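Take a look at the letters that make up each chain.
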Amino acid sequence: MKTLQKTLLALAAGSLLSMGAQAAVSYGNGYTGQPYVGAKVGQFDLDVDGADDPTAYGVYAGYNFDPNFGMEAEFVGSDDADYRGGDIDAKTYGAYGTYRYAFPNTGLYAKGKLGVARTEIEATGTSPAGFYNGTNKDTSLAGGVGLGYSVNPNFSVEAEYDKLGSDADLMTVGAQLKF
């Protein structure tokens, strides 16, 4: 990568972090909130016999109304995993209400979320009797629990487990940037 491109990327990243650091997060009487964006990677645990669990990649965005309550939306897709001579992949779209509990005098916090998710599982390949083949789309109640660590006021890392209905679970680690 050329020196000019590296310099511009460093300046852009520094400006973004600086803007986030200057953002008002006054959870006092004004209840000024805090938006955030993040990325995650992990693994789907699909309830499909004979299928390898696909690797998951996702993005999410949220808004904390106060230190405890917020909302979050996410998209997580997968790569193709091996399934009976073919492939299987999954994706999910979710919208959640969130709750965070910050452990006193640490950057550690616990997170819970509850909402609705649409999960799509698609399998292609051979289909002997009794094995799944095709597309399954399910919209259902979904939720998750996680543990996070605030590295600084604008950057956190999280590990999370989500239950996405009857056919899929999701385990991820991710990072988020707060503004």
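Report on the accompanying structure. Remember, predicted model here, so these are calculated numbers, not experimental data.

**Focus on the nonpolar core**
Logical step 1: The biggest cluster of nonpolar side chains holds 18 residues, and the ones touching the most others in it are Phe44, Leu46, Val48, Tyr83, Ile88, Leu164 and Leu170.
Logical step 2: For this core, the secondary structure elements donating two or more residues are β1 (34-46), β4 (81-83), β5 (86-102), β6 (108-124) and β9 (168-178).
Logical step 3: In contact with Leu164, not counting residues within four places along its chain, are Phe44, Thr92, Tyr96, Ala117, Thr119, Ser140, Ala142, Asp169 and Leu170.

**Some remarks on the pattern of salt bridges**
Logical step 1: Scanning all chains against the criterion turns up 14 salt bridges.
Logical step 2: As a salt-bridge pair, Glu158 and Arg100 come within 4.0 Å of each other at their nearest N and O atoms. A residue pair is termed long-range when its members are at least 10 positions apart, and Glu158 in strand β8 (residues 155-163) and Arg100 in strand β5 qualify at 58 residues. In this structure, Glu158 and Arg100 share a single accessibility class: buried.
Logical step 3: Salt-bridge contacts for Lys113 lead to Asp162; the nearest nitrogen and oxygen are separated by 3.5 Å. One end of the pair, Lys113, is in strand β6; the other, Asp162, is in strand β8, and 49 residues separate them in sequence.
Logical step 4: According to the relative accessible area criterion, Lys113 is buried, its value standing at 6%.
Logical step 5: On the accessibility criterion, Asp162 (0% relative accessible area) is buried.

**Re empty space enclosed by the protein**
Empty pockets left among the atoms are what a rolling probe the size of a water molecule brings to light.
Logical step 1: Under the counting rule described, the total for this entry stands at one cavity of 30 Å³ or more.
Logical step 2: Computed from the structure, the largest cavity encloses a volume of approximately 40 Å³.
Logical step 3: Considering the residues around the largest cavity, the lining is formed by Thr119, Ile121, Asn136, Asp138, Leu164, Asp167 and Ala168.
Logical step 4: Elements represented by at least two residues in the lining of the largest cavity include exactly β6 and β7 (134-152).
Logical step 5: Its residues placed into classes, the lining of the largest cavity shows three nonpolar, two polar and two charged.

**Remarks on the packing of aromatic side chains**
Logical step 1: Throughout the structure, instances matching the rule amount to five aromatic pairs.
Logical step 2: Seen from their ring centres, Tyr36 and Tyr60 are 6.4 Å apart, and the 70° between their planes marks the pair as edge-to-face. One end of the pair, Tyr36, is in strand β1; the other, Tyr60, is in strand β2 (residues 55-64), with 24 residues separating them in the sequence.
Logical step 3: A relative accessible area of 4% means that Tyr60 is categorised as buried.
Logical step 4: Between Tyr63 and Phe65 the ring centres are 5.3 Å apart and the planes differ by 65°, which places this aromatic pair in the edge-to-face class.
Logical step 5: Residue Phe65 is classed as partly exposed on the basis of its relative accessible area of 39%.
Logical step 6: Note that Lys113 overlies the ring of Tyr96, its terminal NZ or CZ placed 4.3 Å from the centroid.

**What to know about the environment of Gly165**
Logical step 1: Relative to the elements of secondary structure, Gly165 occurs in the loop between β8 and β9.
Logical step 2: Remark: the alpha-carbon pair of Gly165 and Val116, spanning 49 residues in sequence, is separated by 9.3 Å.
Logical step 3: With near-sequence residues (within four places) excluded, Gly165 lies in contact with Asp138, Ser140 and Leu141.

What counts and how
Residues numbered from 1 in each chain as written. Predicted model: local features only at pLDDT ≥ 70, side-chain atom pairs only at ≥ 80, totals over all residues. Heavy atoms only, no water. Core = buried A, V, L, I, M, F, W, Y, C linked by side-chain atoms within 4.5 Å. Buried < 20%, exposed > 50% of the residue type's maximum accessible area, 1.4 Å probe, protein only. Helix = DSSP H or I, 4+ residues; strand = E, 2+ residues; numbered from the N terminus. Contact = heavy atoms within 4.5 Å. Salt bridge = Lys/Arg side-chain N within 4 Å of Asp/Glu carboxyl O. 1 Å grid on protein atoms, 1.4 Å probe; cavity = no way out; pocket = protein on both sides within 12 Å on 5 of 7 lines; lining within 4 Å. Points joined across faces, edges and corners; volume = space filled by probe spheres on them. Nonpolar A, V, L, I, M, F, W, Y, C, P; charged D, E, K, R; others polar. Phe/Tyr/Trp six-rings, centres within 6.5 Å; stacked < 30°, edge-to-face > 60°. Lys NZ or Arg CZ within 6 Å of the ring centre and 35° of its normal.

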